[in-house]
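Okay, here's what each chain looks like letter by letter:
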Amino acid sequence: PARGLTAAGPGLVGGRAGGYTFPMVRFLIFFFSLYAAMHVFVLSRARVLLPQAWPGRLLVSLFIILMILAPVGIRVLERSGHDDAARVVAHVGYIWMAFIFLCFSGYFASAVLELVYRLASFVFPLNPPSFTGKAPTIFVIALSIAALAYGYFEALNIRVERVTIRTAKLAREKGPLKIAQISDVHLGIMVRGERLRRIIEKVRRENPDIVVSTGDLVDGNIGHLDDLSSLFRELSPRYGKYAITGNHEFYAGLSESLDFLERAGFEPLRDRGVTIEGVINITGVDDSVVSTAAREKMVLSRVQNGLFTLHMKHRPQVSEEARPLFDLQLSGHAHRGQIFPFNYVVRFVYPMLDGLYHLGDGSMLYVSRGSGTWGPPMRVLAPPEVTVFELIPEGSAKKH
């Protein structure tokens, strides 16, 4: 352990990444089935604009098939070392993905509205307007393109969210303590140096005592990210930098991801905790598909020493067994849906979607919207963030 740290709990042994094989396959089947169905629905609503002759229909069909399979093509090109080609396909494929989702949302809303009008016409003397003509079809496409443009610039507008917590578990002579959280940066084929510099500059201006990364720092093939690890080394908070794995660290290759984290100056907390110079406990667990609730409870149980306990867990899920053992859990993963109105879908899986939640018994959860982007390089009504927590000893005045 680094100077001033005491380790609590064994690190996760190797060989457990294989637990991702079946969940990944199941997810990919679900994803591509849903993605293909979205294309079918959009094309059914936009057929009035499609070419009628067979050569045109064939070209459209081939393009749609290529776009549906683009995420696979990106990974194949990336793993084959064709980085430039992968980036070109990624920009086209992921921007198209966002476009299709926005069109799907618009056409789905118009279909619901059309159904409401038709049902109401049985009761009231209404003449339902057409929602499938050229004008409404073009309107949805134009609105989607406008949302894409807005989302691109919103993804660049990294906000600093501030949370102040007063606690009796921090000694006056040790506080206040400032902690900066980044999450879901997704360094890889789309998010590169320019985005990372924006994030790091936001963190540097805050001059935190501790920097934490709550998973998905990397994404995909990371063999070409050596130059980005040096940017993280520009951050040298007095109590260090700590990170946990998210699902994408496993997708990218666990050993390569951990190597990147260490070269970037982070200490990975893999199902273990540390006590930092008698000031604060920080615990971290691997992504929940690999780690278990029982192991999470064991990790937290090892640091019950009366100090404030910061618990890092990638997915915004709270274990009832672990809840009494931490003061603040930091999570990410959900991106607040990243592109509106996908947040309503994500909320079904993760009801605590973003922001601060009081869990009872003095425990809290904070869910970051994420600092980068996954897939499409845009965010719509879900701006990226760097989160700054200031822990203030009870009875102390906040410094300005």
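Residues numbered from 1 in each chain as written. Predicted model: local features only at pLDDT ≥ 70, side-chain atom pairs only at ≥ 80, totals over all residues. Heavy atoms only, no water.

Within the protein chain, the secondary structure is distributed over 10 helices and 13 strands. Computed over the C-alpha atoms, the radius of gyration of the protein chain is 23 Å, within 12% of the 21 Å expected from 2.2 N^0.38 for a compact globule of 400 residues. Taken along the three principal axes of its C-alpha coordinates, the protein chain extends 75 × 55 × 40 Å. Split into buried and exposed, the 400 residues of the protein chain put 51% on the buried side. Relative to all contacts within the protein chain whose residues are 6 or more apart in sequence, the contacts with residues 24 or more apart total 77%. Per element, the accessible surface of the protein chain, about 18,500 Å² overall, is 63% carbon and sulfur. One way to put it: in the protein chain the 43 positive side-chain charges average out to a point 4 Å from where the 35 negative ones average out. (Helix = DSSP H or I, 4+ residues; strand = E, 2+ residues; numbered from the N terminus. Rg over C-alpha atoms; globule rule 2.2 N^0.38 Å. Buried < 20%, exposed > 50% of the residue type's maximum accessible area, 1.4 Å probe, protein only. Contact = heavy atoms within 4.5 Å. Areas by Shrake-Rupley, 256 points an atom, 1.4 Å probe, with all protein chains shown as cover. Lys, Arg positive; Asp, Glu negative; His and termini not counted. Charge placed at Lys NZ, Arg CZ, Asp CG, Glu CD.)

Side chains Thr309 and His311 of strand E9 (residues 309-312) all project onto a buried face; the interleaved residues Leu310 and Met312 project onto the opposite face, where all are buried too. Two strands pair when backbone bridges link them, and strand E8 (residues 280-284) and E9 are joined in this way by 4 bridges, in the parallel orientation. In the sheet register, isoleucine 282 faces E9, and the bridge partner there is leucine 310. Bridge analysis of E9 against strand E10 (residues 328-331) gives 3 bridges, and the strand direction is parallel. (Pairing = 2+ DSSP bridges.)

A few words now on the confidence of the model for the protein chain. A residue-level look at the protein chain finds 90% of positions with pLDDT of 70 or above and a mean pLDDT of 88. A low-confidence stretch, residues 10-20 stays under pLDDT 50, and its non-local contacts, those more than four residues away or across chains, total 28 contacts. (pLDDT = per-residue confidence, 0-100.)

Turning our eyes to something else, we now look at the environment of glycine 362. Along the chain, glycine 362 turns up in the loop between strand E11 (355-360) and strand E12 (363-367). Judged by relative accessible area, glycine 362 falls into the exposed class, the value being 54%. Spatially, the C-alpha atom of glycine 362 lies 23 Å from that of aspartate 271, the residues being 91 residues apart in sequence.

The N-to-C vectors of helix H2 (residues 54-79) and helix H3 (residues 83-121) enclose an angle of 140°; their axes lie 9 Å apart at closest approach. Taken together, the axis directions place H2 and H3 in an arrangement best described as oblique. The handedness of the crossing between H2 and H3 comes out as left-handed. Contact residues: Phe63, Ile64, Met67, Ala70, Pro71, Ile74, Leu77 and Glu78 in H2; Ala85, Ala86, Val89, Ala90, Val92, Gly93, Tyr94, Trp96 and Met97 in H3. Its residues assigned to classes, the contact of H2 with H3 comprises 15 nonpolar, 1 polar and 1 charged. (Axes fitted to C-alpha atoms, helices over the stretch in contact; angles between N-to-C directions. Parallel < 35°, antiparallel > 145°, perpendicular 65-115°, else oblique. Left-handed = near helix turned anticlockwise from the far one by under 90°. Nonpolar A, V, L, I, M, F, W, Y, C, P; charged D, E, K, R; others polar.)

Let's shift gears to H2. In this model, H2 (26 residues) spans 36 Å end to end at C-alpha, consistent with the 38 Å of a helix rising 1.5 Å per residue. The largest bend along H2 reaches roughly 55° and is located at alanine 70, with the proline proline 71 sitting one to four residues downstream. Buried within H2 are the following residues: Ile64, Met67, Ile68, Ala70, Pro71, Ile74 and Glu78. In the segment just after H2, glycine 81 is the residue with positive phi, at about 90°. (Expected span 1.5 Å × (residues − 1). Bend = angle between axes of the 7 residues up to and from the residue.)

Turning our eyes to something else, we now look at the pattern of salt bridges. Using the criterion set out here, one finds 24 salt bridges in the structure. A salt bridge links arginine 198 to glutamate 194; the shortest N-O distance between them is 3.7 Å. Note that arginine 198 and glutamate 194 are positioned in helix H5 (residues 193-206) at a spacing of 4 residues, about one turn of the helix. Owing to a relative accessible area of 54%, glutamate 194 belongs among the exposed residues under this scheme. Residue glutamate 234 is joined to arginine 204 by a salt bridge in which the shortest nitrogen-to-oxygen separation is 3.1 Å. (Salt bridge = Lys/Arg side-chain N within 4 Å of Asp/Glu carboxyl O.)

Leave glycine aside and you will find that most residues have negative phi; peptide bonds, for their part, are mostly trans. Phenylalanine 340 connects to proline 341 through a cis peptide bond whose omega is 5°. Even without being glycine, aspartate 184 reaches a positive phi, approximately 50°. Turning to its location among the elements, aspartate 184 is positioned in the loop between strand E3 (177-182) and H5. Backbone geometry places glutamate 277, a non-glycine residue, at a positive phi of 50°.

Scanning the entire structure with this criterion turns up 13 aromatic pairs. Seen from their ring centres, phenylalanine 31 and phenylalanine 32 are 5.1 Å apart, and the 80° between their planes marks the pair as edge-to-face. With respect to burial, phenylalanine 31 and phenylalanine 32 carry one shared label: buried. An angle of 85° between the planes, with centres 5.4 Å apart, marks the rings of tyrosine 152 and phenylalanine 153 as edge-to-face. Since its relative accessible area comes to 37%, tyrosine 152 is described here as partly exposed. Phenylalanine 153 sits in the exposed class, given a relative accessible area of 58%. Following the ring pairs from residue to residue traces out a cluster consisting of Phe31, Phe32 and Tyr35. Here the basic side chain of lysine 241 rests over the ring of phenylalanine 266, its NZ or CZ set 5.7 Å away from the ring centre. (Phe/Tyr/Trp six-rings, centres within 6.5 Å; stacked < 30°, edge-to-face > 60°. Lys NZ or Arg CZ within 6 Å of the ring centre and 35° of its normal.)

Further remarks concern helix H4 (residues 134-156). Because an α-helix completes one turn every 3.6 residues, residues spaced three or four positions apart along the sequence face the same direction. When the terminal C-alpha atoms of H4 are compared, their 34 Å separation across 23 residues agrees well with the 33 Å that a helix rising 1.5 Å per residue should span. The complete set of buried residues in H4 reads Thr137, Val140, Ser144, Ala147, Leu148, Gly151, Glu154, Ala155 and Leu156.

Quick look at the sheet that holds strand E2 (residues 159-167) now. Pairing within the open sheet is mixed, and its 6 strands lie in the order E2-E13-E3-E4-E5-E6. Two strands close off the open sheet at either side, each with one partner strand: E2 and strand E6 (267-268). In this sheet, E6 lies alongside strand E5 (residues 241-244) in parallel orientation, the contact comprising 2 bridges. Residue pairing in the sheet places alanine 243 in a bridge with proline 268 of E6.

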